[in-house]
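Below, each chain spelled out in residue letters.
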Amino acid sequence: MRQITTERLLIRPIQVEDFNDLQAILYDPLVVRYTRYRNVQAENNFAELFNSHFLGSIYTFGIETKDTHQLIGFYEFHPEGYSALLTYALAQSAWGKGFVAEVGKIMMAYGFEDLNFERVEAHYASLNPRSGRVMEKMGMTDLGSIGTFPSPHTGEVRTVMAYELTKENWLLNNAPEQAV
C-alpha cells in the first residue's frame, strides 16, 4: 500500500522506526483494554508480533499525524476469505479527535477497491460505546450483540457488539454522482 494523506493524517505501512511508538500504544492498558492485543505486554511477545504481523503487511497501517510525524495508532484488517475483521487503536493523546473515522472512510475504500473484500466487520465491547459511534461514522451498520464473554484476566463480563459494511452498501453510498 502506498501512503495516503488526509487533511490531518498520513496512513502508511508500519515501519521499523515505529517499534517504540507502537509498543507504547500496545502497552497502555487503557488503549488495549478491549482489543485482541491486551496480552502483548512482554518484550519478546511484542517484538515477535511486531516483526511477524505489523511489518510488511498489506493489511496493517500506521496512523501518523502530519504536523508531528509521530505514529499515533494503527488500523488493520484481519482477512477471512472475502471478508475482513477490523481492528484499530489510538494512543490516548489522540482520542476524541475524529482520527479513526477519518482514517476509516479511506481504509474502507482501500479494503473494498484494492483488497477486494465483500464485507468488513468490526467488534467493540458495549462498555466502550464511543467505538460503536466511530463505526457508525465510517458508514457501518449495527448488527447488535454477538455474545457475552468474561474477561480471562479480570472476570469482567463484556457484551461484544458488531457492525458491518458490505461492498454493495459502500458502493451505493460512495458512487460518483451521475451527470444528468
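Here, every reference points to the structure presented above.
## Considerations on the pairing of strand S2 (residues 9-13)
The element S2 is extensively covered by neighbouring structure, given that four of its five residues are classed as buried. Summarising the sheet, strand S1 (residues 4-5) and S2 pair through two bridges and their orientation is antiparallel. Directly across from Ile4, in S2, lies its bridge partner Ile11. Pairing analysis gives five bridges linking S2 to strand S3 (residues 60-65), with the strands arranged antiparallel. The partner of Ile11 across the bridge, within S3, is Ile63.

## Comments concerning helix H1 (residues 19-27)
Turning to H1, its buried residues number three or more, namely Phe19, Leu22, Gln23, Ile25 and Leu26. Down the axis of H1, the buried side of the element spans an arc of 160°, and every buried residue falls inside it.

## Focus on helix H4 (residues 99-113)
For H4, built from 15 residues, the straight-helix expectation of 21 Å at 1.5 Å per residue is met to within 8% by its first-to-last C-alpha distance of 21 Å. Within H4, 12 of the 15 residues are buried, leaving the element largely enclosed by the surrounding structure. Of the positions making up H4, those classed as buried are Phe99, Val100, Ala101, Glu102, Val103, Gly104, Met107, Met108, Ala109, Tyr110, Gly111 and Phe112.

## Describing the pattern of salt bridges
All told, the structure shown has five salt bridges when counted by the stated rule. In this structure, the salt-bridge partner of Arg8 is Glu102, at a minimum N-O distance of 2.5 Å. Pair noted here: Arg8 is in the loop between S1 and S2 and Glu102 is in helix H4, with a separation of 94 residues, a long-range link. Among the residues examined, Arg8 registers a relative accessible area of 31% and is labelled partly exposed. Under the relative-accessibility criterion, Glu102 is labelled buried at 18%. Of the charged contacts, one joins Glu64 and Arg12 as a salt bridge, the two residues approaching to 2.6 Å between their closest N and O atoms. With Glu64 in strand S3 and Arg12 in strand S2, this pair connects stretches of sequence that are 52 residues apart. Residue classification places Glu64 among the buried positions, given a relative accessible area of 8%.

## Digging into unusual backbone geometry
Located in the positive-phi region is His69, a residue other than glycine, with phi close to 55°. Position of His69 relative to the elements: it lies in the loop between S3 and strand S4 (71-80). On the accessibility criterion, His69 (51% relative accessible area) is exposed. Here Asn116, not a glycine, exhibits a phi torsion of approximately 60°, which is positive.

## Side note on the environment of Thr65
Mapped onto the elements of the fold, Thr65 is located in strand S3. The exposure class of Thr65 is buried, given its relative accessible area of 10%. The spatial distance from the C-alpha of Thr65 to the C-alpha of Leu9 is 4.6 Å, given a sequence separation of 56 residues. Apart from the residues within four sequence positions on either side, Thr65 is in contact with Arg8, Leu9, Gln70 and Ile72.

Scoring rules and cut-offs
- Residues numbered from 1 in each chain as written.
- Predicted model: local features only at pLDDT ≥ 70, side-chain atom pairs only at ≥ 80, totals over all residues.
- Heavy atoms only, no water.
- Buried < 20%, exposed > 50% of the residue type's maximum accessible area, 1.4 Å probe, protein only.
- Helix = DSSP H or I, 4+ residues; strand = E, 2+ residues; numbered from the N terminus.
- Pairing = 2+ DSSP bridges.
- Arc of directions from axis to C-beta.
- Expected span 1.5 Å × (residues − 1).
- Salt bridge = Lys/Arg side-chain N within 4 Å of Asp/Glu carboxyl O.
- Contact = heavy atoms within 4.5 Å.

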